[in-house]
Each structure stands twice: as structure tokens, then as C-alpha cells.
Amino acid sequence: MTTTSAQASPSSTFPHAIRHDWTVAEVNALFTLPFNDLLFQAQTIHRQHFDANYVQVSTLLSIKTGACPEDCKYCPQSARYDTGLEKERLMEIEKVIQRAKEAKQAGSTRFCMGAAWRNPKERDMPYVTEMVKEVKKLGMETCMTLGMLSREQALALQQAGLDYYNHNLDTSPEFYGDIITTRTYQDRLDTLANVREAGMHVCSGGIVGMGESAADRAGLLVQLANLEHHPESVPINMLVKVKGTPLEKVEDLDNFEFIRTIAIARIIMPKSFVRLSAGREAMNEQMQALCFMAGANSIFYGCKLLTTSNPDTHEDVMLFKKLGINAKQTREYSDEAHQAALISEIEMAEIKSDEIKQNKQDDLFYDASQPRIKLAAN
């Protein structure tokens with residue numbers, strides 16, 4: 001039987017070799033492929049490098065929330081926008097370690113810690129490096145996102161044992177100035193270079209659904225794929241629109257366009273973990289399953305990302321069971337661990353409820369010994 005050019009295009013036009021010279025035109029061409037052809041190519045490449053039924057699981061904790069001086073239009077943590085977010089100081093090390101223990105019990109293998117800083121101050125470095133050392137003692141991988149890093153700060157984190165550093169490019173260079181003006185695109189690239197030179201793994205991705213064009217989505221992926229080394233972790237975030245931010249009323253991105261973005265990230269960065277990140281709470285099980293088919297193989301567990309909602313841990317476990325993902329790990333997800341995760345989520349809900357009720361002088365369920373912690377995401 002004769003194969004048509006359209007049928008042949010996914011494999012013949014775009015070879016599966018590791019490349020660092022992608023063009024926007026090539027990636028735009030991938031975006032225009034028939035959906036089934038694109039997913040077939042992405043899944044084929046995915047299986048060449050990964051177990052197709054394994055998804056890496058991380059937990060993200062906000063160790064310092066709010067009052068960020070940056071003007072990122074998507075971010076509720078910016079001090080420039082009135083989003084009702086409660087500002088918090090740098091979390092105590094003991095509380096961070098307790099959260100890490102809970103995350104490990106719930107099945108996470110990596111613990112990510114995020115602070116709403118433009119860049120860490122020197123006075124903060126001893127605390128964050130100690131957090132890294134203590135989490136490492138639990139046998140977990142560690143990741144941090146603290147804003148821009150100097151070479152010296154990157155080296156200090158590496159020497160403390162930090163495995164990954166997250167610093168997203170957010171969008172294409174062309175669209176970047178419409179979203180952020182308080183740091184340049186080159187500032188972000190410089191931080192990634194400092195992280196790489198220090199010997200840490202790079203976690204870098206972006207956000208889609210901010211009103212950017214398809215060419216901008218292609219431009220973001222090209223920037224990531226054409227780094228000297230592909231990021232080991234590539235988080236793809238769907239914008240979570242937060243009231244009070246300049247992007248709160250931006251038009252929703254089509255779900256298929258988001259899945260295409262995941263698939264193309266997999267195709268052009270074959271050995272990277274592609275993380276299905278922020279925005280998952282609004283995705284039904286079928287959409288998430290298509291994202292996994294497209295090559296996503298990393299998620300965050302937990303009911304909160306940095307400041308936005310995320311599916312509850314037990315919902316993810318149930319979805320994994322339906323899809324046959326992480327079969328061994330989900331079987332070993334004990335009743336005790338499940339209960340601990342649920343208790344943690346209930347505590348978070350009670351804290352949020354208390355914040356709402358405190359102005360009404362209704363503190364019936366408020367436990368003053370419980371910290372007001374917001375779990376988070378890159």
C-alpha cells in the first residue's frame with residue numbers, strides 16, 4: 001500500500017536525533033501536524049527514552065510567599081497587584097522539613113522549595129542551604145526556585161547538595177516584554193548558565209495561555225531546546241488566571257493547543273522530563289491522560305502549587321491507578337500514607353477557612369499552633 005506524504009511526514013520530515021538547532025519554522029510545522037500524527041510521533045520518541053507508564057512525582061512548597069518586587073503579569077505574588085494574597089516571611093527550617101517528610105510519605109521523590117524573591121539576599125543563603133541539606137537527609141531529590149542567582153549563589157546551593165534549580169523562561173523573547181519588564185530575558189538565561197556551570201540540573205519551562213501567539217509558543221520551545229544542554233526538567237504551565245493580576249481576563253487557551261505544546265516539548269527535548277504543571281486542577285482526567293500520551297512524565301502532588309490550586313494527592317493516585325501509571329508505587333501507597341496526605345489537605349483547607357473567618361471573629365476551629373503555610377508550584 002502506498003503511504004501518502006501526509007502520513008509519512010511525522011517520521012520522515014522530523015528525525016528523532018537530539019538536536020540543539022531547531023528553528024521556529026520547524027516547530028511551527030510540528031504545531032500544524034494532524035493531532036493523531038503529532039501524538040504518535042511524541043509517544044514513539046517518549047518510549048525510546050522513558051518507561052511510558054512511569055511519571056515522576058514532586059511536591060512543591062512555598063517557603064516564602066508574596067511581596068515579590070517583580071511585575072510578572074501572571075503572578076499573584078507580585079507586590080504590585082492586589083490579589084488578596086497573605087504575605088509570609090521565610091518559613092522556619094523545622095516546618096519545611098516536616099512538610100518534606102509528609103511529601104515523601106505521600107509518594108513524592110523530589111521536594112521543591114520556592115521563594116517569592118527577585119533574587120536571594122546573602123542573609124538568606126545560610127537558611128536555604130540548610131533546608132537543602134536537611135531534605136537531602138530524608139533521601140529525597142531537592143529543587144529550589146529563588147529567582148535570579150549569581151555564580152557564587154549557584155555554587156553554594158550545589159555544594160549544599162541541591163539537585164535541581166528551577167528558573168522558567170516563561171515565554172518567547174518576542175512576547176516576554178509584554179509580560180515582564182523588571183528583569184530581562186538575558187537575565188533569565190544568565191541564571192540558567194550559572195546553574196549549569198555550578199553542576200546542578202536545570203528545571204526550566206514556561207507558561208502558555210497568557211495571550212501569546214502560536215509562534216510565541218514555538219519560540220519558547222525553541223529557546224529551551226537550543227540551550228547547550230536541554231533542561232533535565234521542562235515544566236509546561238497552563239496559565240491560572242488570578243483575580244487582581246493583569247491577565248485575569250485573558251482568553252482561555254484551547255485544550256488541544258496545550259496538549260500539542262506538551263507533545264512538541266517531548267519531540268524536540270527527547271530526554272527531558274516534561275512536567276504537566278500549573279493548571280492541572282482545571283483539566284479533566286481525559287485531558288491529563290492525553291498529556292501523558294503526548295509525553296508528559298512528571299507532575300506535582302499536593303493541593304497547592306506556589307499559590308494556586310492543584311488536584312488533591314488522592315485524586316492523582318486514583319488517576320494513576322486507572323491509567324496503570326506507577327503501578328508498583330500506587331500499590332504501595334499505604335492506607336497510612338493516604339490518610340496522612342488527606343489530613344494534610346484537610347489542615348490546609350481549615351487554615352484557608354480560618355483566614356476567611358477571622359474578620360468575622362469566628363475562630364471556633366482555629367488552632368493557633370498550626371502554621372499558615374501555602375503549598376506551591378514552579
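Procedures and definitions
Residues numbered from 1 in each chain as written. Predicted model: local features only at pLDDT ≥ 70, side-chain atom pairs only at ≥ 80, totals over all residues. Heavy atoms only, no water. Helix = DSSP H or I, 4+ residues; strand = E, 2+ residues; numbered from the N terminus. Contact = heavy atoms within 4.5 Å. Areas by Shrake-Rupley, 256 points an atom, 1.4 Å probe, with all protein chains shown as cover. Axes fitted to C-alpha atoms, helices over the stretch in contact; angles between N-to-C directions. Parallel < 35°, antiparallel > 145°, perpendicular 65-115°, else oblique. Left-handed = near helix turned anticlockwise from the far one by under 90°. Nonpolar A, V, L, I, M, F, W, Y, C, P; charged D, E, K, R; others polar. Salt bridge = Lys/Arg side-chain N within 4 Å of Asp/Glu carboxyl O. Buried < 20%, exposed > 50% of the residue type's maximum accessible area, 1.4 Å probe, protein only. pLDDT = per-residue confidence, 0-100.

Caption draft 1: Molecular detail of the overall build of the protein chain. When helices and strands are tallied, the protein chain shows 14 helices and 10 strands. Contacts in the protein chain between residues at least 24 apart in sequence constitute 75% of all its contacts with a sequence separation of at least 6. For the protein chain, the exposed area adds up to about 16,900 Å²; of that, 51% sits on carbon and sulfur atoms.

Caption draft 2: Summary view of the packing of helix α6 (residues 151-160) against helix α8 (residues 185-198). Axis separation between α6 and α8 bottoms out at 8 Å; the angle between their running directions is 40°. By the criterion of interaxial angle, the relationship of α6 to α8 is oblique. Between α6 and α8 the crossing geometry is right-handed. Contacts between α6 and α8 involve R151, A154, L155 and Q158 on the former and, on the latter, N194, V195, E197 and A198. Looking at the contact of α6 with α8 residue by residue, the class counts come to 4 nonpolar, 2 polar and 2 charged.

Caption draft 3: Examining the pattern of salt bridges more closely. Under the criterion given, the structure shown has 12 salt bridges. Ionic pairing is found between D170 and R188, a salt bridge with its closest N-O pair at 3.3 Å. One end of the pair, D170, is in the loop between β4 (164-166) and α7 (173-176); the other, R188, is in helix α8, and 18 residues separate them in sequence. The burial state of D170 is the same as that of R188; both residues are buried. Between E257 and R217 there is a salt bridge, with its nearest N and O atoms 3.1 Å apart. Here the residue E257 occupies a position in helix α10 (residues 255-268), and R217 occupies one in helix α9 (residues 214-225), the gap between them amounting to 40 residues. Residue class for E257 comes out buried when judged on its relative accessible area of 17%. On the accessibility criterion, R217 (7% relative accessible area) is buried. When salt bridges with common partners are traced through the structure, they connect R19, D21 and E26 into a single cluster.

Caption draft 4: Layout of the confidence of the model for the protein chain. With 72% of its residues at a pLDDT of 70 or more, the protein chain shows a mean pLDDT of 79. Averaged pLDDT values over the elements of the protein chain bottom out at 38 in strand β10 (residues 375-376) and peak at 97 in α10. Across residues 1-14 the pLDDT falls below 50, and counting only partners more than four positions away or on other chains, this stretch makes 13 contacts in the model. Confidence drops under pLDDT 50 across residues 359-377; counting only partners more than four residues distant or on other chains, this segment forms 49 contacts.

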